[in-house]
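Descriptive structure summary
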Amino acid sequence: SVCGYKQFPLTGLTNAETAGVVLGTVFFLAAIGAIVFYFHRKRSQKRRVRKRFVQQLARNIRITSSPEDIPSEKLSQLFQHISQEKDIATMDDFMIWMTDVNLRFLSDADYQFLWASIDKTAAGYVTPVGFFLFLKDCKQEFAIVRKELDDMPKSEYIKYVCRDLDRLKEDGVESVRRTEFKLKHGSRS
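This write-up is about the structure you can find in this document. (Residues numbered from 1 in each chain as written. Predicted model: local features only at pLDDT ≥ 70, side-chain atom pairs only at ≥ 80, totals over all residues. Heavy atoms only, no water.)

1. A few points about the overall build of the chain
This is how it is decided: Working definition: helices are DSSP H or I runs of at least four residues, strands are E runs of at least two. Numbering for both runs from the N terminus. Throughout this description, buried means an accessible area under 20% of the type-specific maximum (1.4 Å probe, protein chains only), exposed means over 50%, and partly exposed covers the range between.
Scanning the chain from N- to C-terminus turns up nine helices and two strands. From first element to last, N terminus to C terminus, the chain shows the α and β order α-α-β-α-α-β-α-α-α-α-α. The proportion of buried residues among the 189 residues of the chain is 31%.

And the structure:
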């Protein structure tokens, strides 16, 4: 100390302190990564489940690239079909409707997620208004599914939409099932 000032003492970290800093940083980054992964998975699940929902819709009614463009009479007819002619639809009603051997199955977690998205009030049922509001949330998925349908070969498209509600009403469920079976297996009669 030439000038009367003490030099700042050199402070080196001990091995234990260095290990603590490194491990703390690693754990912090791992926690951040886990949080990012969780939200990415949730967003991915949301898109996947909504897309599957809209695909199911497209089997019963002719969809457009936006739910707002579908006539309200068709949406009402669809809700009545899903709810089995009741004023409200339950989780069981939706799960029965969503169970379609011609489309990808959803896991129980996906069904729970879908139902929570539809039944936003957690009432255990959804009204037509709640259903229509959920459809508006699926606008992006409507555009995706409409594009997929537009790009489908005609024979695949006919198989896909053979469960149209008008056809179900005119021909009956059994007749539509037979037609669907014939289309799926390529036989003609």
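2. A few points about the pattern of salt bridges
The cut-off we apply is this: A carboxyl oxygen of Asp or Glu within 4 Å of a side-chain nitrogen of Lys or Arg is what we treat as a salt bridge.
Applying the stated criterion across every chain yields a total of nine salt bridges. A salt bridge links Glu 68 to Lys 139, with the nearest nitrogen and oxygen atoms 3.4 Å apart. Here Glu 68, found in the loop between helix H1 (15–60) and helix H2 (72–82), pairs with Lys 139, found in helix H6 (residues 139–151); they are 71 residues apart in sequence, far enough to count as distant. On the basis of relative accessible area, Lys 139 is assigned to the partly exposed category, the value being 41%. A salt bridge links Lys 86 to Asp 93, with the shortest nitrogen-to-oxygen separation between them at 2.8 Å. With relative accessibility at 4%, the residue Asp 93 sits in the buried group.

3. Digging into the packing of aromatic side chains
Heads up, the condition is: Any two of the Phe, Tyr and Trp rings considered here, Trp counted by its six-membered ring, make a pair once their centres fall within 6.5 Å; the pair's planes then place it as stacked at under 30 degrees, edge-to-face at over 60, or tilted in between. As a reminder, the over-ring test applies to NZ of lysine and CZ of arginine, requiring each to be within 6 Å of the ring centre and within 35 degrees of the ring normal.
Applying the stated rule across the entire model yields 10 aromatic pairs. Seen in terms of ring centroids, Tyr 38 and Phe 39 are 5.2 Å apart; in terms of plane orientation they differ by 80°. Their pairing is edge-to-face. Of the residues examined, Phe 39 reaches a relative accessible area of 53% and is grouped as exposed. Through pairs of rings, three or more aromatic residues link up here, namely Phe 53, Phe 79, Phe 94, Trp 97, Trp 115, Phe 131, Phe 132 and Phe 134. The ring of Tyr 160 carries the charged tip of Arg 59 above its face, separated from the ring centre by 5.9 Å.

4. Some thoughts on the packing of H1 against helix H3 (residues 91–98)
Defined as follows: Note on geometry: axes are C-alpha line fits, over the in-contact stretch for helices, and angles between N-to-C directions span 0 to 180 degrees. Any angle from 65 to 115 degrees is called roughly perpendicular, while one under 35 is roughly parallel, one over 145 is roughly antiparallel, and all others are oblique. The contact rule is simple, with two residues in contact once any of their heavy atoms fall within 4.5 Å. When residue character is reported, Ala, Val, Leu, Ile, Met, Phe, Trp, Tyr, Cys and Pro are called nonpolar, Asp, Glu, Lys and Arg charged, and the others, Gly included, polar.
At a closest axis distance of 10 Å, the pairing of H1 and H3 adopts a crossing angle of 70°. Judged by the inter-axis angle, H1 sits roughly perpendicular to H3. The residues of H3 that touch H1, namely those facing Arg 52, Phe 53, Gln 56, Leu 57 and Asn 60, are Phe 94, Trp 97 and Met 98. Here the residues of the contact of H1 with H3 sort into five nonpolar, two polar and one charged.

5. Thoughts on H1
The condition that has to hold: Any helix carries an expected span of 1.5 Å times its number of residues minus one.
In a regular helix each residue adds 1.5 Å, so 46 residues correspond to 68 Å; H1 covers 67 Å between its end C-alpha atoms and thus fits that length. Of all the positions in H1, only Gln 45, Val 49, Arg 50, Arg 52, Phe 53, Val 54, Gln 55, Gln 56, Leu 57, Ala 58, Arg 59 and Asn 60 are classed as buried.

6. Structural notes on the side chain of Ser 117
Here is the rule: Any N or O atom pair separated by 3.5 Å or less is treated as a polar contact, with the protein-specific requirement of one donor-capable and one acceptor-capable atom, and with residues adjacent in sequence counted only for side-chain atom pairs.
Relative to the elements of secondary structure, Ser 117 occurs in helix H4 (residues 108–118). Judged by its relative accessible area of 16%, Ser 117 falls in the buried class. Separated by 2.9 Å, the side chain of Ser 117 and the backbone oxygen of Phe 113 make a polar contact.

7. Topic: a nonpolar patch on the surface
What counts here: Patch membership needs two things, relative accessible area over 30% and no salt bridge, and members are linked within 9 Å if like-charged or within 5 Å if nonpolar (Val, Leu, Ile, Met, Phe, Trp, Tyr). Per-residue accessibility takes into account occlusion by the displayed protein chains alone, with areas from the Shrake-Rupley method and a 1.4 Å probe.
A cluster of nonpolar side chains, Phe 28, Leu 29, Ile 32 and Val 36, forms an exposed patch at the surface whose accessible area comes to about 400 Å². By the secondary structure assignment, Leu 29 is in helix H1.

8. Quick look at the environment of Ile 144
Here Ile 144 shows up in helix H6. Given the relative accessible area of 37%, Ile 144 is considered partly exposed.

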